[in-house]
Amino acid sequence: VKVDIIKGIITHTPNITYITAYYVGWSVIPDDIDFGTLNKMEFFNLDDNEIKKLPKSMANLPHNCNIDIYNNPLKSPPIKMANNGYTMSSATIGRFYAEEMCAKADFRLDMLDSHVKECGVKGLDKVEVNGKTLVDHLSSVSEDIPERREYQART
């Protein structure tokens, strides 16, 4: 099964709730897939592949979507971040990439703007910079981005 098939499914069926792609031989999920369009997704089975990296945009899957990643050589985010080594949440993916961004030597708070646009706000309440969570720093992010309005509506 080629990755182009999953791109087509995501592009043309935004109301899909389940994708089962276990043991299909995938090693890469491209970064350019917009998982944010799948607002009804509940289950994404990626078990038994060769996936090393989950793209940042998977952080935009719904908060209740279970992403099964068992038996993949996952490095980003590391498999140890998965629940019992089996399931990853979109918030965990968002938190991992936020922590990775903050660990860079050249990190500046204005970089948060691009992260929020790519990954949304999921997981930012768990990452601290200078004693404040990244969510607290959203006040410095432009008010016209949808993700900030989404966060404000949830709080």
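Here's what I pulled together on the structure shown here. (Residues numbered from 1 in each chain as written. Predicted model: local features only at pLDDT ≥ 70, side-chain atom pairs only at ≥ 80, totals over all residues. Heavy atoms only, no water.)

1. Observations concerning the overall build of the protein chain
Then step 1. Tallying secondary structure elements over the protein chain gives 4 helices and 6 strands in all.
Then step 2. Secondary structure elements of the protein chain occur, N-terminal to C-terminal, as α-β-β-β-β-α-α-β-β-α.
Then step 3. Residue burial in the protein chain is summarised as follows: out of 155 residues, 45% are buried.
Then step 4. Of the contacts made within the protein chain by residues no fewer than 6 positions apart, 49% connect residues no fewer than 24 positions apart. (Helix = DSSP H or I, 4+ residues; strand = E, 2+ residues; numbered from the N terminus. Buried < 20%, exposed > 50% of the residue type's maximum accessible area, 1.4 Å probe, protein only. Contact = heavy atoms within 4.5 Å.)

2. Considerations on helix H3 (residues 111-119)
Then step 1. Listed in full, the buried residues belonging to H3 are Met-111, Leu-112, His-115, Val-116 and Cys-119. The arc that holds the buried residues of H3, viewed along the axis, is 135°, so those residues lie on one side. (Arc of directions from axis to C-beta.)

3. A word on the sheet that holds strand S4 (residues 87-88)
Then step 1. In space, the 4 strands of this open sheet follow the order S1-S2-S3-S4, with mixed pairing throughout. Of all the strands in the sheet, just strand S1 (18-20) and S4 have a single pairing partner and so form its edges.
Then step 2. Where strand S2 (residues 43-45) lies against strand S3 (residues 66-68), 3 bridges are found, and the strand directions are parallel. Pairing of Asn-45 across the sheet is with Asp-68, part of S3. (Pairing = 2+ DSSP bridges.)

4. As for the side chain of Ser-57
Then step 1. By secondary structure assignment, the location of Ser-57 is in the loop between S2 and S3.
Then step 2. Under the relative-accessibility criterion, Ser-57 is labelled buried at 10%.
Then step 3. A distance of 2.6 Å separates a polar atom in the side chain of Ser-57 from the backbone oxygen of Ile-33.
Then step 4. Residues in contact with Ser-57, not counting those within four places in the same chain, are Asp-31, Ile-33, Phe-35, Gly-36 and Glu-118. (Polar contact = N/O pair within 3.5 Å; in protein donor to acceptor, adjacent residues only side chain to side chain.)

5. Some remarks on the side chain of Asn-49
Then step 1. By secondary structure assignment, the location of Asn-49 is in the loop between S2 and S3.
Then step 2. Side-chain polar atoms of Asn-49 contact the backbone oxygen of Ala-21, separated by 2.8 Å.
Then step 3. At 3.0 Å, the side chain of Asn-49 forms a polar contact with the backbone nitrogen of Trp-26.
Then step 4. Other than its neighbours up to four places away in sequence, Asn-49 contacts Ala-21, Tyr-22, Tyr-23, Val-24, Gly-25, Trp-26, Asn-71, Asn-72 and Pro-73.

6. Some details on the environment of Asn-60
Then step 1. On the secondary structure map, Asn-60 appears in the loop between S2 and S3.
Then step 2. Asn-60 gets classed as partly exposed once you look at its relative accessible area, which sits at 23%.
Then step 3. Placed 34 residues apart in sequence, Asn-60 and Gly-94 show a C-alpha to C-alpha distance of 8.0 Å.

7. Some remarks on the pattern of salt bridges
Then step 1. For the coordinates displayed, the defined rule picks out 3 salt bridges.
Then step 2. Linking Asp-32 and Lys-7 is a salt bridge whose minimum nitrogen-to-oxygen distance equals 3.3 Å. One end of the pair, Asp-32, is in the loop between S1 and S2; the other, Lys-7, is in helix H1 (residues 3-12), with 25 residues separating them in the sequence.
Then step 3. A relative accessible area of 57% means that Asp-32 is categorised as exposed.
Then step 4. Here Lys-53 ties to Asp-31 by a salt bridge, and the two come within 3.3 Å at their closest N and O atoms. With Lys-53 in the loop between S2 and S3 and Asp-31 in the loop between S1 and S2, this pair connects stretches of sequence that are 22 residues apart.
Then step 5. Using a relative accessible area of 35% as the deciding quantity, one classes Lys-53 as partly exposed. (Salt bridge = Lys/Arg side-chain N within 4 Å of Asp/Glu carboxyl O.)

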